[in-house]
Amino acid sequence: MSRPVTDTGTGTGTGTDSAAAPPGERRASLERRSVVVRGVVQGVGFRPFVYALAGELGLTGWVTNNADGVETEVEGALPDVAAFCRRLTSDAPPLAVVESVQLRTLPTAGGSGFTIRPSAGGSGRTLVSPDMATCDDCLSELADPGDRRYRHPFISCTHCGPRFTVVTGLPYDRALTTMAGFPLCADCAREYADPADRRFHAQPVACHACGPRLTLVTRGATGPRPTGEDALAGARRLLAAGAVVAVKGLGGYHLACDASDPAAVQTLRTRKNRGAKPFAVMAGSLETVERLVFTSPLERDLLLGRRRPVVLLRRRDGSGSGAGSGSGSGSRGRAGYGSRSLVTDGVAPGSPDLGVLMPYTPVHHLLLGLPGDPAGPPVLVMTSGNRSGEPIVTDDEEALVRLDGLADAWLTHDRPVRVPCDDSVVRVCARQELPVRRSRGYAPLPVVLPVAVEPALAVGGDLKNTFCVAEGRYAWLSAHVGDMDDLATLTAFESAVGQLSELASVTPRVLVADRHPGYRSGQWADRHAEGRPVRRVQHHHAHVASAMAEHGLDGSAPVIGVAFDGTGYGDDGAVWGGEVLLADYDGFRRFAHLAYVPLPGGDAAVRNPYRMALSHLRAAGLPWSEELPCVAACPPAERRLLERQLDRGINCVPTSSMGRLFDAVASLAGVCHRVEYEAQAAMELEHAALTAAGDIRSSGYRFGLPAAPRPGEAPLPADPAPVLAAAVEDLRAGADASTVAARFHGAVVSLVHEVCRAARDRTGLATVALTGGVFCNALLTSGCAQRLERDGFTVLRHRTVPPNDGGLALGQLMVAARTRPS
């Protein structure tokens with residue numbers, strides 16, 4: 001969110017600083033103003049900041065939280081009052097986001113001193129801060145034996161710690177958080193009441209004496225459960241011994257193990273039924289991270305910033321091996337870890353990328369070790385605490401049941417988690433942040449909308465689900481919910497809808513869903529409509545609208561929307577996914593699409609990319625030659641059945657999916673024939689392309705393109721047959737998989753450029769939105785953006801919400817819920 005300041009009151013003073021006016025004039029020009037500050041201004045030290053600012057400027061009055069934000073009245077010399085109002089924005093606390101400052105001039109009332117009043121209730125709306133990583137000041141205290149919070153696992157202040165995941169209502173005060181059950185001790189109460197203290201009105205403030213307490217539960221153990229420091233030490237010993245430990249964090253549980261221990265990693269992978277999907281790892285220092293991966297300045301900023309997402313980074317060859325110089329937060333030369341890799345290959349098998357995050361809670365720092373701690377794992381696997389396909393676990397008793405069989409022990413604590421919040425995932429693409437999953441550290445910061453919307457709930461899609469509540473010019477996207485194919489996920493979805501609607505003070509009058517009749521999210525909307533309209537939005541139109549909204553486009557002019565993904569319900573009943581739309585918020589025209597091929601067996605074709613490869617070869621008129629990797633990968637009996645299925649059109653819905661074409665080429669090139677997680681084949685194809693020798697992406701393969709359609713004509717079909725024929729020719733000539741992969745990426749970049757040029761020639765449009773899950777591919781996204789920008793196009797890339805279905809709800813909302821002029 002940006003920080004615009006809006007003066008909507010009647011005050012006259014925007015004037016000069018107090019030093020600019022003579023003392024006599026200052027005494028003669030008293031003014032009193034009411035000031036309402038809206039934005040992320042609760043739980044971030046804003047009232048203490050206002051108190052200190054008023055004291056510095058010699059102003060009298062008061063400040064309070066209310067349901068609108070922060071309200072204050074100040075009185076004093078006119079220049080000082082004007083400086084106060086200006087500095088509310090320019091000098092705001094680090095975690096604050098000032099959206100507006102509303103001013104109103106009042107009669108002077110006199111008085112002395114400045115006070116913080118108890119919070120007021122009432123109607124209105126303010127913005128809750130996301131959870132933030134432990135700040136440097138708190139980390140210094142955590143490691144200082146002379147500090148009373150030395151090794152306190154829940155140390156926090158106004159600049160860091162839990163926010164969104166502990167809030168139970170507004171205004172944001174301790175009584176309306178999950179810290180309400182922890183009365184302040186005398187020392188903490190004194191800090192909480194001291195305007196000069198960093199913890200002045202810090203709602204999660206606590207210490208060893210009055211705060212939450214760690215407990216270690218070990219499967220099969222009898223007797224008293226270790227608590228406090230004993231629980232932490234026990235968890236570290238278990239991790240070092242190869243155990244899997246469920247660790248309760250800000251937004252739920254992680255499953256952790258030693259990333260350098262092949263047996264521990266394989267145990268976790270098997271228990272979680274993870275397949276070959278990569279794990280994320282947590283390293284205690286940037287020094288350790290840079291032994292594992294390459295980092296750019298932006299990537300280092302993301303790793304070390306307040307949000308601390310998982311950052312997808314390119315691995316070094318032989319990353320983490322050798323010499324025993326790995327370290328956690330402070331320990332050096334850890335015994336037993338010098339002779340093996342910091343991260344075993346089983347963490348991210350076959351992937352040149354590694355998902356890395358840095359510690360963001362005191363518990364994480366303590367698990368990895370402070371200076372002088374016994375040796376322990378310098379890098380930990382940190383994966384969501386859930387079974388495959390289920391939402392992250394937050395409840396302690398539920399964790400003992402749902403994670404039984406996955407974890408050997410539970411490092412838990414007694415501060416409740418109000419709302420689940422998984423780790424965010426980002427990557428850097430062409431020197432810009434590209435969100436892959438928007439959750440902890442980002443949610444629930446709203447997106448400022450380019451046009452107003454009526455109170456609405458958009459329920460998103462069924463994969464990577466997030467939903468969105470909105471009213472006026474704000475849209476609140478939920479944290480990551482997950483895939484809507486499990487009862488537990490649907491239950492978590494419903495609970496999160498209620499919680500976010502309450503925090504945002506939105507009572508939806510309309511619900512919005514995808515047009516797919518089988519989506520569980522849409523079925524949920526129908527069941528919970530309660531007389532409200534349920535509006536349906538085409539999947540790829542929503543993707544394009546999402547990109548438009550995050551870039552602030554009001555919809556007055558259409559864009560060329562390039563929407564590439566795996567699956568989306570098309571208006572003709574086909575499975576779309578390789579679409580070029582001429583779209584605004586009111587509608588779209590399908591300008592071009594990938595030519596249809598059969599999707600043989602639906603989900604079977606998704607799980608087995610060789611089926612898509614054979615379907616594409618057949619559609620291209622290319623024989624199923626035994627020497628082709630995709631043909632060899634398909635068992636002969638299945639090949640015969642598949643041939644009959646394609647001949648007769650049995651269970652063969654036509655698809656224009658670009659995601660399925662990536663799958664097909666991955667199998668054709670011998671990169672991936674079977675997938676164990678979503679987009680595995682496409683990801684491995686991208687990785688293969690990145691290893692190609694030389695710059696060969698711009699030559700070799702081209703899609704077939706007829707003349708561009710005129711208005712009223714059928715959309716232009718992009719034929720992949722020439723690309724497949726060229727790839728087959730290369731393979732028969734002995735080309736390796738990386739060459740085929742790179743040339744295929746170059747062909748898709750050229751296709752996007754050619755179709756966008758054709759659209760510009762026909763319509764005059766020159767703004768292109770790149771959206772859909774395929775554009776999580778950094779090689780493709782950067783290639784398309786560079787080619788288009790060189791040709792004079794304005795390119796919209798996702799930077800605020802993910803291009804995949806995690807950003808779908810925002811687009812649904814903009815298409816269906818805008819308030820149109822009467």
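In the block above lies the structure referred to throughout.
The rules we used
- Residues numbered from 1 in each chain as written.
- Predicted model: local features only at pLDDT ≥ 70, side-chain atom pairs only at ≥ 80, totals over all residues.
- Heavy atoms only, no water.
- Helix = DSSP H or I, 4+ residues; strand = E, 2+ residues; numbered from the N terminus.
- Rg over C-alpha atoms; globule rule 2.2 N^0.38 Å.
- Buried < 20%, exposed > 50% of the residue type's maximum accessible area, 1.4 Å probe, protein only.
- Lys, Arg positive; Asp, Glu negative; His and termini not counted.
- Charge placed at Lys NZ, Arg CZ, Asp CG, Glu CD.
- Phe/Tyr/Trp six-rings, centres within 6.5 Å; stacked < 30°, edge-to-face > 60°.
- Lys NZ or Arg CZ within 6 Å of the ring centre and 35° of its normal.
- Disulfide = S-S within 2.5 Å.
- Pairing = 2+ DSSP bridges.
- Axes fitted to C-alpha atoms, helices over the stretch in contact; angles between N-to-C directions.
- Contact = heavy atoms within 4.5 Å.
- Salt bridge = Lys/Arg side-chain N within 4 Å of Asp/Glu carboxyl O.
- Parallel < 35°, antiparallel > 145°, perpendicular 65-115°, else oblique.
- Expected span 1.5 Å × (residues − 1).
- Polar contact = N/O pair within 3.5 Å; in protein donor to acceptor, adjacent residues only side chain to side chain.

Peer 1: Which parts of the structure should I look at to understand the overall build of the protein?
Peer 2: A count of helical and extended segments in the protein gives 24 helices and 28 strands. Computed over its C-alpha atoms, the radius of gyration of the protein comes to 28 Å, within 12% of the 28 Å expected for a compact globule of 822 residues. In terms of principal-axis extent, the alpha carbons of the protein reach across some 90 × 70 × 50 Å. Counting all 822 residues of the protein, 60% fall into the buried class. Separation between the mean location of the 85 positive side-chain charges and that of the 87 negative ones in the protein comes to 1 Å.

Peer 1: Mind showing me how you'd approach the packing of aromatic side chains here?
Peer 2: The way to describe two aromatic rings as a pair is by their centre distance and the angle between their planes. Evaluation of the coordinates by the stated rule reveals nine aromatic pairs. Here the aromatic residues Tyr-51, Phe-114 and Phe-200 are joined through ring pairs into a cluster of three or more. Lying across the ring of Phe-793, Arg-760 places its NZ or CZ 4.0 Å from the centre.

Peer 1: I'm lost on the state of the cysteines in this one. Help?
Peer 2: Here is the idea: a disulfide is a covalent bond, and it sits between the sulfur atoms of two cysteines. Summed over the entire model, instances satisfying the criterion amount to zero disulfides. Between Cys-634, a cysteine without a disulfide, and Cys-630, which holds the nearest cysteine sulfur, the sulfur-to-sulfur distance is 8.9 Å. Sulfur of Cys-776: no disulfide; nearest cysteine sulfur belongs to Cys-429 and is 9.8 Å away.

Peer 1: Explain unusual backbone geometry to me, please; I cannot follow it from the model alone.
Peer 2: What you tend to see is this: most non-glycine residues have negative phi, and most peptide bonds are trans. With an omega dihedral of 10°, the bond running from Ala-443 to Pro-444 counts as a cis peptide bond. One can find Pro-444 in the loop between β16 (432-437) and β17 (447-458). Phi is positive for Arg-308, close to 50°, though the residue is something other than glycine. A positive phi is found at Ala-679, a non-glycine position, where the angle reads about 70°. Within the element layout of this structure, Ala-679 appears in the loop between α19 (658-668) and α20 (680-690). Looking at Ala-679, the relative accessible area reads 38%, which means it is partly exposed.

Peer 1: What is the right way to read the sheet that holds β17 from this model?
Peer 2: Strand pairing within a sheet occurs via backbone hydrogen bonds; the two strands may be parallel or antiparallel. Judged by pairing direction, the sheet is mixed, and its four strands sit side by side in the order β18-β17-β19-β20 without closing on themselves. Across the chains shown, the open sheet's two edge strands, defined by having one partner strand only, are β18 (468-477) and β20 (534-537). For this sheet, the mean inter-axis angle between neighbouring strands, taken without regard to orientation, is 60°. Where strand β19 (residues 510-514) meets β20, four bridges bridge the pair, whose relative direction is parallel. Residue Leu-511 lies in a different strand from β20, and its bridge partner there is Val-534. This element, helix α12 (residues 487-504), spans β17 and β18 of the sheet and lies at about 155° to β18.

Peer 1: Before we go on, may I ask you to explain the pairing of strand β14 (residues 409-413) in this structure?
Peer 2: Remember that side chains alternate between the two faces of the sheet whenever the strand is regular. For β14, a buried count of five out of five residues is recorded, marking the element as mostly surrounded by other parts of the structure. Pairing between strand β7 (residues 214-218) and β14: five bridges, direction antiparallel. Residue Thr-215 lies in a different strand from β14, and its bridge partner there is Thr-412. Of the strand pairs in this sheet, strand β8 (residues 245-248) and β14 are connected by three bridges, and their pairing is parallel. Bridging across to β14, Val-247 finds its partner in Leu-411.

Peer 1: I tried to follow the sheet that holds strand β11 (residues 310-314) on my own but got confused; where do I start?
Peer 2: Within the open sheet, the ten strands sit side by side as β7-β14-β8-β9-β13-β10-β12-β11-β15-β16. Their pairing is mixed. The open sheet has two edge strands with one neighbour each: β7 and β16. Direction aside, neighbouring strands of the sheet carry axes that sit 35° apart on average. Taken together, the five bridges between strand β15 (residues 425-429) and β16 define a ladder with antiparallel strand orientation. In the strand pairing of β16, Arg-427 is matched with Leu-434. Of the strands in this sheet, β7, β8, β9 (253-258), β13 (379-384) and β14 are in contact with helix α6 (residues 228-240), which crosses β7 at around 45°.

Peer 1: How should I be thinking about the pattern of salt bridges in this particular structure?
Peer 2: Between side chains of opposite charge, pairing is possible as soon as their charged atoms come close. Within the structure shown, the criterion is met by 39 salt bridges. Of the charged contacts, one joins Arg-402 and Glu-398 as a salt bridge, the two residues approaching to 2.7 Å between their closest N and O atoms. Taken together, the positions of Arg-402 and Glu-398, both in helix α11 (residues 396-402) and four residues apart, correspond to about one turn of that helix. The exposure class assigned to Arg-402 is buried, which follows from its relative accessible area of 14%. Put simply, Asp-422 and Arg-437 hold a salt bridge, and the shortest N to O gap is 3.9 Å. In this pair, Asp-422 sits in the loop between β14 and β15 while Arg-437 sits in strand β16, placing the two residues 15 residues apart along the sequence. Each of Arg-314, Asp-353, Arg-427 and Glu-686 takes part in a single network of salt bridges with overlapping partners.

Peer 1: Got a minute to help me understand the packing of helix α16 (residues 609-619) against α19 in this structure?
Peer 2: Each pair of packed helices gets described by two things: the angle between the helix axes and the distance between those axes. The geometry of α16 relative to α19 is characterised by a closest axis approach of 7 Å and an angle of 95° between their N-to-C directions. Comparing their axes, α19 and α16 come out roughly perpendicular. Along the contact surface, α16 presents Pro-609, Tyr-610, Met-612, Ala-613, His-616 and Leu-617, while α19 presents Arg-660, Leu-661, Asp-663, Ala-664, Ser-667 and Leu-668.

Peer 1: Hey, could you run me through helix α23 (residues 778-790) in this one?
Peer 2: In an α-helix, one full turn covers 3.6 residues, which means residues spaced three or four apart are oriented alike. Taking 1.5 Å per residue as the helical rise, α23 with its 13 residues ought to reach 18 Å, and the 18 Å between its terminal C-alpha atoms agrees with that figure. Of all the residues in α23, the buried ones are Ala-778, Leu-779, Leu-780, Thr-781, Ser-782, Gly-783, Cys-784, Ala-785 and Leu-788. Lining the buried residues of α23 we find β15, α19, α20, α22 (737-763), β27 (767-771) and β28 (794-796). Measuring from the side-chain oxygen of the N-cap residue of α23 to the backbone nitrogen of Leu-779 gives 3.0 Å; that N-cap residue is Asn-777. Looking one or two residues past α23, Gly-792 carries a phi angle of roughly 90°, positive in sign.

Peer 1: Where do I start with the environment of Gly-649 in this structure?
Peer 2: Note on placement: Gly-649 falls in the loop between α18 (636-648) and β25 (652-655). Distance from Gly-649 to Pro-598, taken between C-alpha atoms, is 7.8 Å for residues 51 residues apart in sequence.

Peer 1: What should I look at first to understand the pairing of β13 in this one?
Peer 2: Of all six residues in β13, six are buried; the element is thus mostly enclosed. In terms of strand pairing, β9 meets β13 through five bridges, oriented antiparallel. Paired with Leu-255 across the bridge in β13 is Thr-383.

Peer 1: Sorry, what's going on with the side chain of Thr-72 here?
Peer 2: Mapped onto the elements, Thr-72 comes out in strand β3 (residues 69-77). For Thr-72, a relative accessible area of 1% puts it in the buried group. Among the polar contacts listed, one links the side chain of Thr-72 to the backbone oxygen of Trp-62, at a separation of 2.6 Å. In this structure, Thr-72 is in contact with Arg-33, Ser-34, Val-35, Val-50, Trp-62, Val-63, Phe-84 and Phe-114, ignoring residues within four places of it in sequence.

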